[in-house]
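# Chain and residue survey
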Amino acid sequence: MSQKFHHAASLLAIVFLALSFSQAQTRPVDAEGHQWWQDAVFYEIYPRSFADSNGDGIGDLNGIASKLDYLKDLGVDAIWISPCYPSPQVDFGYDVSDYEDIDPMYGTLKDFQNLANDAKQHNIRIIMDFVLNHTSPQHKWFIDSASSRTSAHRDWYIWRDGKAPGVPPNNWISGFGGSAWQFDAKTGQYYYHYFAVGQPDLNWRNPAVEKAMFDVTRFWYERGVSGFRLDAVDLLFEDPNLHDNPVLPGKNELGDPNMENKYNDKLPEVHTELKKLRKVADEHDAVLIGETYTSNRDELKEYYGDHNDEIQLPMDFMFCTVNKLSANDFRAQIANAESTGGWPVYVISNHDMPRSYDRYGDGKHNDQIAKLMAGMYLTLRGTPVMYYGEELGMENNDPVRKEDVRDPIGIAGWPEEKGRDGERTPMQWNDSPNAGFSAAKPWLPVPSSYHTHNVAGELQQPESVLQFYKHLLALRHQDAALLNGDYVALNQNNSNVLSYLRRYKNEAVLVVLNMSAIPQTISFNLSGEGFSQAKVATLLTTSTSQPIGSLEHVALDPFAVYIARVSR
Ligand code: GLC
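Residues numbered from 1 in each chain as written. Predicted model: local features only at pLDDT ≥ 70, side-chain atom pairs only at ≥ 80, totals over all residues. Heavy atoms only, no water.

## Structural notes on the packing of helix 12 (residues 366-377) against helix 15 (residues 465-478)
Closest axis-to-axis distance for the helix 12/helix 15 pair is 10 Å, and the angle between their directions is 15°. Between helix 12 and helix 15, the interaxial angle falls into the category roughly parallel. Once helix 12 is placed against helix 15, the crossing between them reads as right-handed. Contact with helix 12, carried on its side by Asp367, Ala370, Lys371, Ala374, Gly375 and Tyr377, involves Val465, Phe468, Tyr469 and Leu472 of helix 15 and no other residues of that element. The residue makeup of the contact of helix 12 with helix 15, split by class, is seven nonpolar, one polar and two charged. (Axes fitted to C-alpha atoms, helices over the stretch in contact; angles between N-to-C directions. Helix = DSSP H or I, 4+ residues; strand = E, 2+ residues; numbered from the N terminus. Parallel < 35°, antiparallel > 145°, perpendicular 65-115°, else oblique. Left-handed = near helix turned anticlockwise from the far one by under 90°. Contact = heavy atoms within 4.5 Å. Nonpolar A, V, L, I, M, F, W, Y, C, P; charged D, E, K, R; others polar.)

## A look at the packing of aromatic side chains
Summed over the entire model, instances satisfying the criterion amount to 33 aromatic pairs. Ring-pair connections join several aromatic residues into one group, and the members of that group are Tyr85, Tyr99, Phe112, Phe130, Trp141, Trp156, Phe219, Trp220, Tyr221 and Phe228. Taking NZ or CZ as reference, Arg355 lies 4.8 Å from the ring centre of Tyr388, over its face. The ring of Phe531 carries the charged tip of Arg568 above its face, separated from the ring centre by 4.8 Å. (Phe/Tyr/Trp six-rings, centres within 6.5 Å; stacked < 30°, edge-to-face > 60°. Lys NZ or Arg CZ within 6 Å of the ring centre and 35° of its normal.)

## Observations regarding unusual backbone geometry
That bond from Trp414 to Pro415 is cis: its omega, 0°, falls within 30 degrees of zero. Of note, Pro415 is situated in the loop between helix 13 (408-413) and helix 14 (455-460). At Asn434, a residue that is not glycine, the phi angle is positive and equals roughly 60°. Within the secondary structure, Asn434 is located in the loop between helix 13 and helix 14. Even without being glycine, Asn491 reaches a positive phi, approximately 40°. Its place among the elements puts Asn491 in the loop between strand 14 (486-490) and strand 15 (497-504).

## Points about the sheet that holds strand 3 (residues 125-130)
If you walk across this open sheet you meet the eight strands as 11-10-7-3-2-1-13-12, and the pairing is parallel. Strand pairing shows two members of the sheet lacking a second neighbour, strand 11 (313-314) and strand 12 (345-347), which therefore form its edges. In this sheet, strand 13 (residues 383-387) lies alongside strand 1 (residues 42-45) in parallel orientation, the contact comprising three bridges. Across the sheet, the residue bridging to Phe42 is Val385, located in strand 13. (Pairing = 2+ DSSP bridges.)

Spelled out as structure tokens, the structure:
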């Protein structure tokens, strides 16, 4: 081969490589250039509680695999599985002792592979939970780290001398109560744990930690995983000088002083690290979902990255801080998310917060309100992340006795803080004992509402919460305006009814949500939005009185949802 030709060939190879790399980053799935995770509906599965295939009272991977038909039929495109790695279960899997295996209580790596293959057949992607801030003390890295001050892994965690005998290095408080520092008598130093004592923080300033953790993501990408939900990502870095945090007035629900986590939360280094993690994800056309607890729009915006080069889907928990049905507050939060310029991510419940059914329910119209909430967050512009059982109207089932509490937060905070067991109860599959979740006594008790709110029963009832979710998700997948349309807030002065258009080309979808307990009649003038002579056709409604004659007169029952197609 001539020198010149050789040169040209390698140039071609470089161009080809560059092309295929950039393609991996931006492989569009539709004419709008969307990527798969923009059109997908995500669904969080808490594996302990989803489906128990081997009768030990704890859910498992084979259980999940047995429910893929259900998930597909529901309209789910990707499942995020909360941690199922080997773990002492101090925080129910969020204390990982091996990132590259499956805990025997959930199955084996082979079971995972079977699940991944089955899921692929169903066109359902798998997202793993990446607990990257901390490990279990039983992880081999920590065992070595704690073995001596000079061990190979000593600097993989955050070890410091106390200020004085019996006095921790600084005033930082653990999210699980008490000091964030644990004294280790063997080596005479403290280690840092933002969460439980059984969750020592990794030292992300150490390049060896970074490399090992990036390799963990590669391990799962190679096994067919389509991305990660990044656990506690706000907390990856700490001020190396360990400044004390400013103390605020009052105490928190665990009895500790309130504190501004100025020196151990959302440090700028988090963003540098995320850019690197994203590069690895892009090589695999994968998505990163952030557990991002932001308190304002700028913080949320930052997580997307200046050049959309950090987290594709930072969850907007500010949306969940609206803890009552309030058209004004939701409108403001949607505007907030929209104003970041990023692709919004809407969540209304997860394994760390009381179920939306209770948070928004008024005790009398909870099913209508569950549909109302679905009518909102599944029609907004952005990606929704559902939580298992939300589609049934599953309710919280908080423990009533301290001895029944399993969650470390509930144990520390009882009785003011009952912990998170209530939102983690078994999935309600049918009306048989234990809601069809397990042949054995489940690890957490099912609430008695499973008699009325379960998959089998709700599939038989045309008006059930589940049927509503199914109709809505089907619509969302088919409708170009719901997938691609922009978000246009309407009638913004109405404090009872939240309304908006999802506008796309010559069509739009109108969404009207009555957030009040009183019937409402509203009138829309869409000429400013380009629909002066609009034709309207109902797509989905929970109102019993047929709401629409014309856009000038839309009548809605209490808590009703009305969704219509509007065309020019
Ligand atoms: C995240 C998880 C939560 C866990 C914590 C510590 O907030 O969602 O369940 O307790 O991280 O890993």
